[in-house]
Amino acid sequence: MHSGAPTGTLAVIGGGVIGLSVARRAAQAGWTVRLHRTGAHGASWVAGGMLAPHSEGWPGEERLLRLGLESLRLWREGGYLDGLPPEVVTARESLVVAVDRADVADLRTVADWLADQGHPVIWEPAVRDVEPLLAQGIRHGFRAPTELAVDNRAVVEALATACERLGVQWAPPAHDLSRVSGDAVVIANGIDAPALCPGLPVRPVKGEVLRLRWRKGCMPLLGRVIRARVHGRQVYVVPRADGVVVGATQYEHGRDTAPVVSGVRDLLDDACAVLPALGEYELAECAAGLRPMTPDNLPLVHRLDERTLVATGHGRSGFLLAPWTAEQIMSELVPVGVQ
Ligand SMILES: Cc1cc2nc3c(=O)[nH]c(=O)nc-3n(C[C@H](O)[C@H](O)[C@H](O)COP(=O)(O)OP(=O)(O)OC[C@H]3O[C@@H](n4cnc5c(N)ncnc54)[C@H](O)[C@@H]3O)c2cc1C
């Protein structure tokens, strides 16, 4: 992958999926990369790991849909997965289902909008024929056959390993840009980006997530992502090698990362209403993370000044958008000696 072209030294600030993806891509292109990180896990450690531009889509978010589809293409055939263990991919399809009539109407809205955008999904009038583990009475939904899901923690760890192999150096947290050396600097520290660059419009949006572990005698492990609208609320169940991830709530509560009872209860109620057999799984972990959201839900990936670039604000789609972000930053980086 090393291009052999003249490059330079690059400092990346933030060791989540975005910073690691940028660091790996730049090192592959021949940059000398230093990644500043904390010991703390950010949103990337909590995420569901769905790569789901169709089923995350909603009318009005046309640009986000386009970016998501482009990035999904990079995940599937653009080389982003090269060098990562194949087991990081845990599902190769999403099935999105509706519980009541209003939920069906919501799904129809999304499916019609996707068709209008030229990216139709497959409407299923009998979803239990597709996924027999669904609760009786659930009939309608759509399949998004090109969507993927990944094990978020395995991806973060594999990216860090890939960075090490490529010679990326680890460095302590950076709190002052003027003290960070390098020909170029990429701010990729999620919700903390405004502390380095005041005025960046990024705010934390909390999300609770559960990890349920398969036990002997439980229903077979899921092979696809199941998403559902349950009386107006949304829930998703994402396969992992040892069980599933159930997520996610979404509300604003500052920087609070304590999973609260009502959020956990809603997730369990909704997940079990859709897949009753999940009730037999072990409740292995409750966690909450902070999505770096922007006012228009679009990521901030661009140049700030001659030396500084930003890559944050990926909201609920940081894993999906990681390959696109890395390519976008590469297209903005000017090799030293070329200016
Ligand atoms: C509940 C939940 C579910 C989600 N599900 C999905 C999903 O299914 N699919 C999807 O695509 N996305 C999902 N997301 C969104 C995704 O997790 C985020 O968009 C993504 O993780 C953002 O990555 P990041 O690298 O920008 O930030 P982070 O992962 O938060 O990483 C930023 C890192 O920077 C570090 N840092 C902070 N300050 C400094 C400093 N001064 N110097 C150095 N380092 C610093 C932090 O400690 C942190 O480790 C979900 C998020 C949540 C919360």
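Residues numbered from 1 in each chain as written. Predicted model: local features only at pLDDT ≥ 70, side-chain atom pairs only at ≥ 80, totals over all residues. Heavy atoms only, no water.

(A) Local environment of the site of the ligand. With respect to spatial proximity, 37 residues lie near the ligand, and among them Thr38, Ser44, Met50, Ala174 and Gly315 are the closest. Between an oxygen atom of the ligand and a main-chain N or O atom of leucine 320, the distance comes to 2.9 Å. Within the complex, the protein chains bury 95% of what would otherwise be the 1,000 Å² of accessible surface of the ligand. At the level of secondary structure, the elements contributing two or more residues to the shell around the ligand comprise helix 1 (17–28), strand 11 (203–213), strand 15 (282–293) and helix 8 (318–332). Across the shell around the ligand, the residue classes tally to 15 nonpolar, 18 polar and four charged. (Near = heavy atom within 4 Å. Polar contact = N/O pair within 3.5 Å; in protein donor to acceptor, adjacent residues only side chain to side chain. Areas by Shrake-Rupley, 256 points an atom, 1.4 Å probe, with all protein chains shown as cover. Helix = DSSP H or I, 4+ residues; strand = E, 2+ residues; numbered from the N terminus. Nonpolar A, V, L, I, M, F, W, Y, C, P; charged D, E, K, R; others polar.)

(B) Quick peek at the nonpolar core. Residues Leu10, Trp31 and Val33 are the most contacted members of the largest nonpolar core, which totals 48 residues. If we skip the residues at most four places from it in the chain, tryptophan 31 touches Thr7, Gly8, Thr9, Leu10, Ala26, Ala184, Met330, Leu333, Val334 and Pro335. (Core = buried A, V, L, I, M, F, W, Y, C linked by side-chain atoms within 4.5 Å. Buried < 20%, exposed > 50% of the residue type's maximum accessible area, 1.4 Å probe, protein only. Contact = heavy atoms within 4.5 Å.)

(C) Region of the structure containing the pattern of salt bridges. Within the structure shown, the criterion is met by 21 salt bridges. Here arginine 25 makes a salt bridge to glutamate 327, at a shortest N to O gap of 2.8 Å. One end of the pair, arginine 25, is in helix 1; the other, glutamate 327, is in helix 8, with 302 residues separating them in the sequence. Connected via shared salt-bridge partners are Glu93, Glu124, Glu131, Arg143 and Arg224. (Salt bridge = Lys/Arg side-chain N within 4 Å of Asp/Glu carboxyl O.)

(D) A look at unusual backbone geometry. With omega at -20°, the peptide bond leading from glycine 247 into alanine 248 counts as cis. Residue placement: alanine 248 occurs in the loop between strand 14 (243–247) and helix 7 (261–274). The phi dihedral of histidine 231 is positive, around 50°, even though this residue is not glycine. Positionally, histidine 231 belongs in the loop between strand 12 (225–230) and strand 13 (233–240). A positive phi angle is found at asparagine 297, which is not glycine, with a value near 65°. Following the sequence through the fold, asparagine 297 ends up in the loop between strand 15 and strand 16 (300–303).

(E) How the structure looks around the UniProt feature "domain: FAD dependent oxidoreductase" (unreviewed entry) in the protein. Look at the UniProt record and you will see "domain: FAD dependent oxidoreductase" (unreviewed entry) annotated at residues 10–329. End C-alpha to end C-alpha, residues 10–329 measures 11 Å, and it is 29% helix and 27% strand. (UniProt positions renumbered as here; feature names shortened; annotations may be inferred.)

(F) Quick look at the domain arrangement of the protein. Partitioning the protein into structural domains gives domain 1 (1–90 + 149–201 + 295–338) and domain 2 (94–145 + 203–293). Measuring from the centre of the C-alpha atoms in domain 1 to the corresponding centre in domain 2 gives 26 Å. On the side of domain 2, 34 residues touch domain 1, which itself brings 36 residues to the contact. Interface area, domain 1 with domain 2, both sides summed: about 2,800 Å², of which 61% is carbon and sulfur. Put simply, domain 1 and domain 2 have four salt bridges between them. Among the salt bridges present, the one from aspartate 192 reaches arginine 255, with a minimum N-O distance of 2.7 Å. Counting across the interface, domain 1 meets domain 2 through 13 residue pairs in polar contact (both at pLDDT 80 or more). For the side of domain 1 that touches domain 2, the secondary-structure elements that each account for two or more residues are helix 2 (62–77), strand 8 (148–150) and helix 5 (152–165). The greatest single-element share of the side of domain 1 that touches domain 2, amounting to three residues, is contributed by helix 2. Considered class by class, the residues forming the side of domain 1 that touches domain 2 number 15 nonpolar, 14 polar and seven charged. (Domains from an automatic or database assignment. Buried area = accessible area lost by both parts, 1.4 Å probe.)

(G) Molecular detail of the environment of arginine 153. Here arginine 153 shows up in helix 5. A C-alpha to C-alpha distance of 14 Å links arginine 153 and leucine 320, two positions 167 residues apart in sequence. When residues no more than four places from it in sequence are discounted, the contact partners of arginine 153 are Trp45, Arg211 and Glu285.

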